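Observations on chain architecture
Chain residues, written in single-letter form:
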Amino acid sequence: MKLNTVVPWGRSLDEYKMMFDLSESDLKKSILGCGDGPASFNSEVTAAGGHVISIDPLYAFSAEDIQGRIEETHKSIVSQMKQNLQRYVWTQFKDPDDLGRARLEVMRVFLQDFEKGLTEGRYLTEALPSLSFAENQFELCLCSHLLFLFSEQFSLEFHIESIQELLRVGSEVRIFPIMGLNCQISPYLEPVQQHFRERGYSAEVVQVDYEVQRDGNYMLCLKGQEA
Ligand SMILES: C[S@@+](CC[C@H](N)C(=O)[O-])C[C@H]1O[C@@H](n2cnc3c(N)ncnc32)[C@H](O)[C@@H]1O
């Protein structure tokens, strides 16, 4: 993997709470953050006494390299958002500059925690569709802004294999958003739901309070029968 193919763009604990409808009891669970990248979710939950392991291929790089890539990403994403203002809802953030500032602050918190989190085993260099964890090691797996969002980059097979792997290592999987970068519902949503329902899982779309991509306020929640 090359660092310039990764989009390091991180969200905060408050955003994760809204995207995944996380309750106080959810935050006490053992959580896998899949593709957490430079989000401050792990750092903030750990500081509050919770247990999160984040995996991301990004963690193979040094803090300095990641910081440089964040700065480049910041400029290009803010400028793309300015050209497509109508695709987003500007209530949580006032405008693209406001959103960009919030993201830089989140990523500053991540970078401050990165070395410590590496030594504590909270940031692991792993990548879907294959993870090193034991069966049911986690109570909850969260995947933010990776599956479905990058539907043009990842195939349906990749989505199914990845979700199967997340359901192997965790009893419940929540994925946000269910739309692609083009702000259209991912073409993989229905085949994914059908695939897992045929194998005895529930695969429900749930409305949540987080809406930055217009009409993007939905997550997919998957569970086994017994979960
Ligand atoms: C847009 S960022 C989202 C970061 C974080 N989840 C958030 O919402 O703030 C997407 C992340 O997915 C990671 N990623 C890319 N391919 C991956 C893979 N195969 N397995 C796990 N993570 C991957 C990237 O490195 C990047 O950090």
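Everything below is about the structure shown above.
Let me sum up the structure you'll find in this document. Counting from 1, residues in each chain are numbered in the order their sequence is written. It should be noted that, the model being predicted, local features are given only for residues of pLDDT at least 70 and side-chain atom pairs only at 80 or more, the latter also being counted only at that level, while totals for whole chains, interfaces and linings use all residues. Only heavy atoms go into the side-chain values, all of them from the structure, while hydrogens and water stay out.

Describing the pattern of salt bridges
What counts, and what does not: Only one rule defines a salt bridge in this text: a Lys or Arg side-chain nitrogen within 4 Å of an Asp or Glu carboxyl oxygen. A helix here means a DSSP run of H or I that spans at least four residues, while a strand means a run of E at least two residues long, and both kinds are numbered starting from the N terminus.
What the rule picks out here adds up to 14 salt bridges. Linking Arg101 and Asp98 is a salt bridge whose minimum nitrogen-to-oxygen distance equals 3.9 Å. In this pair, Arg101 and Asp98 both sit in helix H4 (residues 96-119), 3 residues apart, roughly one turn of the helix.

A word on the site of the ligand
To keep it simple, the criterion reads: In these notes, residues near a molecule or strand are those with any non-hydrogen atom within 4 Å of it. Think of a polar contact as two N or O atoms within 3.5 Å of one another; within protein, one of them needs to be a possible hydrogen donor and the other a possible acceptor, and neighboring residues in sequence only count if both atoms come from side chains. Nonpolar residues are Ala, Val, Leu, Ile, Met, Phe, Trp, Tyr, Cys and Pro. Charged residues are Asp, Glu, Lys and Arg, and all others, Gly as well, are polar.
Around the ligand sit 21 residues, and of these Arg11, Gly35, Asp56, Leu128 and Ser144 come closest. Contacts to the ligand include Arg11, whose backbone N or O atom sits 2.7 Å from an oxygen atom. Here an oxygen atom of the ligand sits 2.5 Å away from a polar atom, N or O, in the side chain of Asp56. A breakdown of the residues in the shell around the ligand according to their chemical character gives 13 nonpolar, 5 polar and 3 charged.

Here we look at the pairing of strand S7 (residues 218-223)
Using the following cut-off: DSSP-based pairing: two strands are paired if at least 2 bridges between them are found.
Taken together, the 4 bridges between strand S5 (residues 172-176) and S7 define a ladder with antiparallel strand orientation. Its bridge partner being in S7, Arg174 is matched across the sheet by Cys221. Sheet topology places strand S6 (residues 202-207) next to S7; 6 bridges connect them, and they run antiparallel. Across the sheet, Glu204 pairs through a bridge with Cys221, a residue of S7.

What about the side chain of Gln213?
Put simply, the rule is: The buried label goes to any residue with under 20% of its type's maximum accessible area, the exposed label to any with over 50%, and the partly exposed label to all in between, with areas taken from a 1.4 Å probe on protein chains only. Here, residues are in contact when the closest pair of their heavy atoms is within 4.5 Å.
Tracing the backbone shows Gln213 in the loop between S6 and S7. Classification of Gln213 by relative accessible area gives buried; the value is 11%. In contact with Gln213, other than residues within four places in its own chain, are Arg87, Tyr88, Leu149, Pro177, Met179, Gly180, Leu181 and Cys183.

Notes on H4
Because an α-helix completes one turn every 3.6 residues, residues spaced three or four positions apart along the sequence face the same direction. The criterion, for reference: Given a helix with a known number of residues, its expected span is that number minus one, times 1.5 Å. Throughout, bend refers to the angle between the axes fitted to the seven residues that end at a position and the seven residues that start at it.
Across its 24 residues, H4 extends 35 Å between first and last C-alpha, which sits within 8% of the 34 Å expected from 1.5 Å per residue. Along H4, the largest kink reaches about 45 degrees and is centred on Asp113. When we look at burial in H4, the residues that qualify are Pro96, Leu99, Gly100, Arg103, Val106, Met107, Phe110, Leu111, Asp113, Phe114 and Gly117. Those residues of H4 that are buried lie in contact with helix H1 (13-19), helix H2 (41-47), helix H3 (63-83) and strand S3 (123-124).

Notes on the side chain of His195
Structurally, the position occupied by His195 is in helix H6 (residues 189-198). Ignoring sequence-local partners within four residues, the contact set of His195 consists of Ile160 and Gln164.

Brief notes about the packing of aromatic side chains
The line we're drawing: Between the rings of Phe, Tyr and Trp (Trp by its six-membered ring), a pair exists once the centres lie within 6.5 Å; its type follows the angle of the planes, with under 30 degrees stacked, over 60 edge-to-face, and the other angles tilted.
Tallying each qualifying case throughout the model produces 13 aromatic pairs. Plain terms: the ring middles of Tyr59 and Phe110 are 6.0 Å apart, the flat faces sit at 25 degrees to each other, and that makes the pair stacked. With Tyr59 in the loop between strand S2 (51-55) and H3 and Phe110 in helix H4, this pair connects stretches of sequence that are 51 residues apart. A relative accessible area of 0% places Phe110 in the buried class. When the ring of Phe176 is compared with that of Tyr210, the centres are 5.6 Å apart and the planes differ by 75 degrees; the resulting orientation is edge-to-face.

A look at the pairing of S2
Stated precisely, the cut-off is as follows: Convention used here: a crossover is right-handed provided that the path from the first strand, over the helix, to the second strand proceeds clockwise when the strands point away from the viewer.
Pairing of strand S1 (residues 30-34) with S2 involves 5 bridges; the strand directions are parallel. Bridge pairing in S2 links Gly33 to Ser54. Assessed by its sense of winding, the connection that carries the chain from S1 through H2 to S2 is right-handed. Examined bridge by bridge, S2 and S3 share 2 bridges and lie parallel to one another. Residue pairing in the sheet places Ser54 in a bridge with Tyr123 of S3.

Points about the sheet that holds S2
As a reminder of what qualifies: Interaxial angle, 0 to 180 degrees, is taken between N-to-C directions of lines fitted to C-alpha atoms, where a helix line uses only the stretch in contact.
Ordered in space as S3-S2-S1-S4-S5-S7-S6, the 7 strands form an open sheet in which the pairing is mixed. Taken across any chain shown, the strands that pair with only one partner, and hence form the sheet edges, are S3 and S6. Packed onto the sheet, H6 meets S6 and S7 and runs at close to 140 degrees relative to S6.

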